[in-house]
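Working through the structure, step by step
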Amino acid sequence: DRCWTADRLARRGLQHQPRCPLCDQAPETMRHLLLECPFARQTWHEILSWLWMTTAGPSHEDSLMDWWLQARQNTPTLMRKGLASIALLTPWMI
Ligand SMILES: [Zn+2]
């Protein structure tokens, strides 16, 4: 929760957008940006499909850590470094 999302800006009394700039459907929080936003969900799906990974992207019911730990268990050992990279780079790019 260190990123300057709208909810954090609001808590500090700073100017912020009322809704997510990617979907304009919900308040911008880290949870929304990484797990719930339709744009993020499509991004996860496209990246995992592109890499031929059979694991599903994180759902809005998970935390990112819960998803990563579960996905790691279900990923063959040779692909785990790739999964770790995706688990870090995808949120960064979103
Ligand atoms: Zn959104």
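Treat the numbers as computed from the prediction; the structure is a model and nothing was measured.

The rules we used
- Residues numbered from 1 in each chain as written.
- Predicted model: local features only at pLDDT ≥ 70, side-chain atom pairs only at ≥ 80, totals over all residues.
- Heavy atoms only, no water.
- Phe/Tyr/Trp six-rings, centres within 6.5 Å; stacked < 30°, edge-to-face > 60°.
- Lys NZ or Arg CZ within 6 Å of the ring centre and 35° of its normal.
- Donors = N, O, S within 2.8 Å, 3.2 Å for Na, K, Ca; no water.
- Tetrahedral: all angles 85-135°; square planar, octahedral: opposite > 155°, others 65-115°.
- Buried < 20%, exposed > 50% of the residue type's maximum accessible area, 1.4 Å probe, protein only.

Points about the packing of aromatic side chains
- Within the structure shown, the criterion is met by 1 aromatic pair.
- Seen from the ring of Trp4, Arg8 lies directly overhead, with NZ or CZ sitting 4.0 Å from the centre.

Points about the coordination of the zinc ion
- Around the zinc ion, the protein contributes the donor atoms Cys20 (SG), Cys23 (SG), His32 (NE2) and Cys37 (SG), which lie 2.1 to 2.3 Å from the metal centre.
- Taken together, the 4 donor atoms coordinating the zinc ion span angles of 101 to 114° at the metal, a pattern that classifies the geometry as tetrahedral.
- For the zinc ion, all donor residues lie on one chain, and their spacing in sequence is C-x2-C-x8-H-x4-C. This pair shows no difference in class: Cys23 is buried, exactly as His32 is.

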